[in-house]
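Chain residues, written in single-letter form:
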Amino acid sequence: MFIGHFAPALIMATRPRAAGLGTLFVAAQLVDIGFAALLVPGIEAMRIIPGITAMNPMDLYRMPYTHSLLGTLIWAVLFGALVWFATKRREAAIGAALVAASHWFIDLLVHIPDLTLYGMPPRFGFGLWNHPAIAMPLEIALIGGALACYMRRTEAPAGNRRPWLLASLLAFAQAIDWFGPKEPAYSLAVPATMLFAYALLAGTAAWAGANRRQRLPAGA
Ligand SMILES: [Zn+2]
């Protein structure tokens, strides 16, 4: 799952007093950003094994700090605390932490068993990466539904096309992920590409959400 992770961020952004869309995009991929950062010094590790799943050649064999349930929850709490310090809004902090925690549960659907509860086996993963006929429509439905909800429940000055640019960039990034060339072997290009993609998407989301606000319920 790649852009499907941003669905909880878009939904959370429709709530009153939520954190900004850019912050929520970072939350959605926080543990993948952490994973990419920890790949560089080799604290966490992966290798490329072509064909290990139908859709994705990554063998994610060591990621105890970012993709264990316990690790993800710790990242989520720390990120929530950071948002609280920055905004002093309890709703924003709790929402950002929930979005960060959602990452593990969405990964659980698509990963082959490489996710742990606390860094040790047993390993979990329902393996939808081996079932593209399910995984691809599911990802499109998640992000499409969330974008529609975001557009319906927020408003902006007339003629604002920023969310459409965000949607186009998301679609483009996902198309590269699905159909683009795959790295033949692991190198630092892998974490570098991840960090670049997440920074670009979060920056675009911050820009797209900057002049939108939650639509007030009728009569409020
Ligand atoms: Zn992940």
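Trainee: Could you give an account of the overall build of the chain, naming the residues involved and the relevant values?
Mentor: Of the regular secondary structure elements, the chain holds eight helices and six strands. Reading the chain from its N end, one meets helices and strands in the order α-α-α-β-β-α-α-β-β-α-β-α-α-β. Taken over the C-alpha trace, the chain has a radius of gyration of 17 Å; the compact-globule value for 220 residues is 17 Å, and the two agree within 12%. Along the first, second and third principal axes, the C-alpha atoms of the chain reach 55 × 35 × 30 Å. The buried share among the 220 residues of the chain stands at 47%. Taking as baseline every contact in the chain between residues at least 6 positions apart, the subset at least 24 positions apart corresponds to 68%. Taken as a whole, the chain presents about 11,000 Å² of accessible surface, with 71% of it coming from carbon and sulfur. Side-chain charges of the chain comprise 16 positive and 10 negative groups, with the mean position of each set lying 14 Å from the other.

Trainee: Describe in detail the nonpolar core, supporting the description with residues and values.
Mentor: Ranked by size, the top nonpolar core spans 59 residues in total, and within it Phe-6, Leu-10, Leu-21, Leu-24, Phe-25 and Leu-170 carry the most contacts. A total of 11 residues in this core trace back to one element, the largest contributor, which is helix H5 (residues 90–110).

Trainee: Please give an account of the packing of helix H2 (residues 21–28) against H5 that cites residues and values.
Mentor: Viewed as axis vectors pointing N to C, H2 and H5 meet at an angle of 35°, and their least axial separation amounts to 7 Å. Taking contact as the criterion, the partners of Leu-24, Ala-27 and Ala-28 in H2 are, on H5, Gly-95, Ala-96, Val-99, Ala-100 and His-103. Looking at the contact of H2 with H5 residue by residue, the classes come out as six nonpolar, two polar and no charged.

Trainee: Give a description of the packing of aromatic side chains that names residues and reports values.
Mentor: How two aromatic rings sit relative to each other is given by the distance of their centres and the angle of their planes. The full count for this structure, using the stated rule, is five aromatic pairs. For the ring pair Phe-6 and Phe-25, a centre distance of 4.2 Å and an interplane angle of 15° mean the geometry is stacked. Highlighted residues: Phe-6 in the segment before helix H1 (7–12) and Phe-25 in helix H2, separated in sequence by 19 residues. Assigned by exposure class, Phe-6 and Phe-25 land together as buried. Between the aromatic rings of Trp-178 and Phe-179, the centroid separation amounts to 6.0 Å while the plane-to-plane angle is 70°, which identifies the pairing as edge-to-face. Residue Phe-179 is classed as exposed on the basis of its relative accessible area of 61%. Its end group placed over the ring of Tyr-61, Arg-47 keeps NZ or CZ at 4.0 Å from the ring centre. Here Lys-88 stacks its cationic end above the ring of Trp-84, 4.9 Å away from the centre of that ring.

Trainee: For the coordination of the zinc ion, give the residues involved together with the corresponding values.
Mentor: Coordination of the zinc ion by the protein is provided by Asp-32 (OD), His-67 (NE2), His-103 (NE2) and Asp-107 (OD), with metal-donor distances spanning 2.1 to 2.2 Å. Geometry at the zinc ion is irregular, judged from the four donor atoms that bind it and their angles of 83 to 172° at the metal. Here the donor residues of the zinc ion share one chain and are spaced in sequence as D-x34-H-x35-H-x3-D. Here His-103 and its partner Asp-107 are both found in helix H5, four residues apart, which amounts to about one turn of the helix. Asp-107 matches His-103 in its accessibility class, with the two residues each being buried.

Trainee: Describe a nonpolar patch on the surface, with residues and values.
Mentor: Together, Leu-70, Ile-74, Leu-78, Leu-117, Tyr-118, Met-120 and Phe-124 line one region of the surface with nonpolar side chains, adding up to about 690 Å² of accessible area. No other element matches helix H4 (residues 69–87), which puts three residues into the nonpolar patch. Structurally, Leu-70 can be placed in helix H4. Here Leu-70 falls in the partly exposed class, since its relative accessible area comes to 45%.

Reading the values: the criteria
Residues numbered from 1 in each chain as written. Predicted model: local features only at pLDDT ≥ 70, side-chain atom pairs only at ≥ 80, totals over all residues. Heavy atoms only, no water. Helix = DSSP H or I, 4+ residues; strand = E, 2+ residues; numbered from the N terminus. Rg over C-alpha atoms; globule rule 2.2 N^0.38 Å. Buried < 20%, exposed > 50% of the residue type's maximum accessible area, 1.4 Å probe, protein only. Contact = heavy atoms within 4.5 Å. Areas by Shrake-Rupley, 256 points an atom, 1.4 Å probe, with all protein chains shown as cover. Lys, Arg positive; Asp, Glu negative; His and termini not counted. Charge placed at Lys NZ, Arg CZ, Asp CG, Glu CD. Core = buried A, V, L, I, M, F, W, Y, C linked by side-chain atoms within 4.5 Å. Axes fitted to C-alpha atoms, helices over the stretch in contact; angles between N-to-C directions. Nonpolar A, V, L, I, M, F, W, Y, C, P; charged D, E, K, R; others polar. Phe/Tyr/Trp six-rings, centres within 6.5 Å; stacked < 30°, edge-to-face > 60°. Lys NZ or Arg CZ within 6 Å of the ring centre and 35° of its normal. Donors = N, O, S within 2.8 Å, 3.2 Å for Na, K, Ca; no water. Tetrahedral: all angles 85-135°; square planar, octahedral: opposite > 155°, others 65-115°. Patch = residues over 30% accessible without salt bridge, like charges linked within 9 Å, V, L, I, M, F, W, Y side chains within 5 Å. Salt bridge = Lys/Arg side-chain N within 4 Å of Asp/Glu carboxyl O.

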